[in-house]
Amino acid sequence: MRDLGAGFRYLLKGQKWVGRHGRQYGFGLLPGLITLVLYAGALVALALWGSGLIDWATPFADDWADPWAGLFRGFLTAVLFALALLLCVLTFTAMTLLVGQPFYESLSERVDRDVSPDGTAPESDLPLWRELWISARDSLRIVARAAAWAVLLFALGFVPVAGQTVVPVIGLFVTGFFLTEELTAVALQRRGVEVRERLALLRSRKTLVWGFGTPLALAFLVPFVAVFLMPGAVAGATLMARDLTGEDTEDGDGAAKRQEDVNAP
């Protein structure tokens, strides 16, 4: 349980860090705003033309007697929109990080230098195009995993009682895990940690990951909140990445302490 609280504290520390560095916070807002506009446009288009898409995909229902064809197609339209909304929540972070790779890379390095005892930050030494390619490739892998979970959880949502109680809670924890993976990837990728290693590292500290990612996933369900929390989430994820890799971190009084010692029982 101590790790659960530690994860939440990293989320708060990240928001406090960007609160003290207004310039970094301002730059960090831009990718989220761009992604929000793109996603909002896609959802509006789906709302306008989704029913037509369902009509086209279900020609076998043309001869059904009223009102069954309309009810059936209306149900499928609602399912399609709900699934699209869930995928937006699951993929918003990945897309925002991809759009804002240079912004968040700079922010993460700034956090590393600020809390490192020697004032340095790990660097990947890769050209920008290579970093963007690796980020896009890894994001696609994570999005594919997240989409598989989304479809499974959506199907389980039709199970009586459990689908309306247990499944939404599981969905928050799953979403929180994948959000944390995407956010910590900014710092861990600079350290040369590949996606399989990142997943193994996060699974070894699940309660820490859930403490960070689950409240964030809950907050991201509120419209527009994700845009304003993203810069602080990247900063907090960088601090947590230092914990996961066992790096020394300087506290507010200038004393270097190992994060694992701070969180140890």
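Above this text is the structure in question.
Notes on the structure follow. Computed from a predicted structure; not experimentally measured. (Residues numbered from 1 in each chain as written. Predicted model: local features only at pLDDT ≥ 70, side-chain atom pairs only at ≥ 80, totals over all residues. Heavy atoms only, no water.)

## Remarks on the overall build of the protein chain
At step 1: In terms of helices and strands, the protein chain carries ten helices and two strands.
At step 2: Counting from the amino terminus, the protein chain carries its helices and strands in the arrangement α-α-α-α-α-α-α-α-α-β-β-α.
At step 3: Pairs at least 24 residues apart make up 76% of the contacts formed inside the protein chain by residues separated by at least 6 positions.
At step 4: When the accessible surface of the protein chain is split by element, carbon and sulfur atoms take 69% of a total near 13,500 Å². (Helix = DSSP H or I, 4+ residues; strand = E, 2+ residues; numbered from the N terminus. Contact = heavy atoms within 4.5 Å. Areas by Shrake-Rupley, 256 points an atom, 1.4 Å probe, with all protein chains shown as cover.)

## Overview of the side chain of Glu109
At step 1: Its place among the elements puts Glu109 in helix H4 (residues 101–115).
At step 2: Leave out the neighbours within four places in its chain, and Glu109 touches Ala121 and Arg190.

## Here's the deal with a positive patch on the surface
At step 1: Together, Arg2, Arg9, Lys13, Lys16 and Arg20 make up a region of like positive charge exposed at the surface.
At step 2: Inspection of the secondary structure puts Lys16 in helix H1 (residues 2–20). (Patch = residues over 30% accessible without salt bridge, like charges linked within 9 Å, V, L, I, M, F, W, Y side chains within 5 Å. Salt bridge = Lys/Arg side-chain N within 4 Å of Asp/Glu carboxyl O. Lys, Arg positive; Asp, Glu negative; His and termini not counted. Charge placed at Lys NZ, Arg CZ, Asp CG, Glu CD.)

## As for the pattern of salt bridges
At step 1: Tallied over the entire structure, the rule returns eleven salt bridges.
At step 2: In this structure, Arg242 engages Asp112 in a salt bridge whose closest nitrogen and oxygen atoms are separated by 2.8 Å. With a gap of 130 residues between them, Arg242 in helix H9 (residues 225–244) and Asp112 in helix H4 connect regions that are remote in the sequence. Side by side, Arg242 and Asp112 carry an identical accessibility label, which is buried.
At step 3: When the shortest N-O distance is used, the salt bridge between Asp243 and Arg205 registers 3.5 Å. Separated by 38 residues along the polypeptide, Asp243 in helix H9 and Arg205 in the loop between helix H7 (195–203) and helix H8 (206–220) bring together distant segments of the chain.
At step 4: What makes Asp243 buried here is its relative accessible area of 2%.
At step 5: Overlapping salt bridges bring together Glu105, Asp112, Arg190, Arg191, Arg242 and Glu247 as one network. (Buried < 20%, exposed > 50% of the residue type's maximum accessible area, 1.4 Å probe, protein only.)

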